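Here's the letter readout for the chains.
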Amino acid sequence: MTITYQVKDSVYVNLTNRCPCACTFCLRNNADSVYGSPSLWLEREPTIDEVVASLESWDWKRFGECVFCGYGEPTERLDVLLAAAAHMKAAHPNVRIRVNTNGLSDLIAGEPTARRFAGKVDCISISLNTDDPAEYLAVCRPHFGEAAYPAMLRFAEEAARYVPEVVMTVVGEPVTSVEKQERCRAIATRLGARLRVRRYEPGIVTAKIDE
Ligand code: SF4
């Protein structure tokens, strides 16, 4: 079972395969690994002890970043995510902690969650995808329906108050036109975040893993 895996110079954490979205572009639709990682499908979700043991199997002198991002939405397991992040902050204070998320943790938890990331996470990267709520609904197909897009924006705005860096992402051309990128940048800026335009790679358009 792959709990942690390496992507470039970072160690990624794979907490769950659950996700409230069914994005049309999700890498889970046609692959079970990324960048040569072992399969990211989990036969069961790892416990916090297993996550910590897996984190401790890496030589953290070689890696500057720990990223919560796997084949699923990491905030589906917010308690475990935050406990693991707290462990990393205590044991490896020089390692940057990032969460790649669809930004729907408030809806998943049924309550505001941004404040809980304070002091444990250095960066939250949120998949904005588009400036158009109707397009978001059609492409990301969230279980929460129309409530998802405004909830994602609200989470981003609140996260910017508690976390040093909030990034919102879109995929570059040809998926997102330059004009649309600028509208997305205006949204991110208004919320206190910065926009990151991810390079389009055919077959790797998943919202989170190749950040
Ligand atoms: S791309 Fe991300 S948010 Fe969309 S279905 Fe896949 S894991 Fe969920």
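Definitions and cut-offs
- Residues numbered from 1 in each chain as written.
- Predicted model: local features only at pLDDT ≥ 70, side-chain atom pairs only at ≥ 80, totals over all residues.
- Heavy atoms only, no water.
- Salt bridge = Lys/Arg side-chain N within 4 Å of Asp/Glu carboxyl O.
- Helix = DSSP H or I, 4+ residues; strand = E, 2+ residues; numbered from the N terminus.
- Contact = heavy atoms within 4.5 Å.
- Expected span 1.5 Å × (residues − 1).
- Buried < 20%, exposed > 50% of the residue type's maximum accessible area, 1.4 Å probe, protein only.
- Arc of directions from axis to C-beta.

(A) A look at the pattern of salt bridges. Under the defined criterion, the tally for this structure stands at 15 salt bridges. Ionic pairing is found between Glu45 and Arg18, a salt bridge with its closest N-O pair at 2.8 Å. Of this pair, Glu45 sits in the loop between β2 (10-13) and α1 (48-55) while Arg18 sits in the loop between β2 and α1; the two residues are 27 residues apart in sequence, bridging distant segments of the chain. Notably, a salt bridge pairs Arg194 with Glu165, separated by 2.9 Å at the nearest N-O pair. Of this pair, Arg194 sits in strand β7 (residues 194-198) while Glu165 sits in strand β6 (residues 165-171), and the two are 29 residues apart along the sequence.

(B) Broad picture of the environment of Ala85. Structurally, Ala85 can be placed in helix α2 (residues 78-91). Considering only alpha carbons, one finds Ala85 and Val121, 36 residues apart in sequence, at a separation of 6.7 Å. In this view, Ala85 contacts Phe68, Ile97, Lys120 and Val121; residues no more than four positions away in its chain are not counted.

(C) Focus on helix α6 (residues 178-191). Taking 1.5 Å of rise per residue, the 14 residues of α6 would be expected to cover 20 Å, and the 20 Å separating its terminal C-alpha atoms lies within 8% of that figure. The complete set of buried residues in α6 reads Lys180, Gln181, Cys184, Ile187, Ala188 and Leu191. Looking down the long axis of α6, one finds its buried residues gathered within 120 degrees of arc, a one-sided arrangement. For α6, the exposed residues set more than 90 degrees away from the buried face come down to Glu179, Thr189 and Arg190. The secondary structure elements touched by the buried residues of α6 are α4 (133-140), α5 (148-162), β6 and β7. Phi turns positive, to about 90 degrees, at Gly192, one or two residues after α6.

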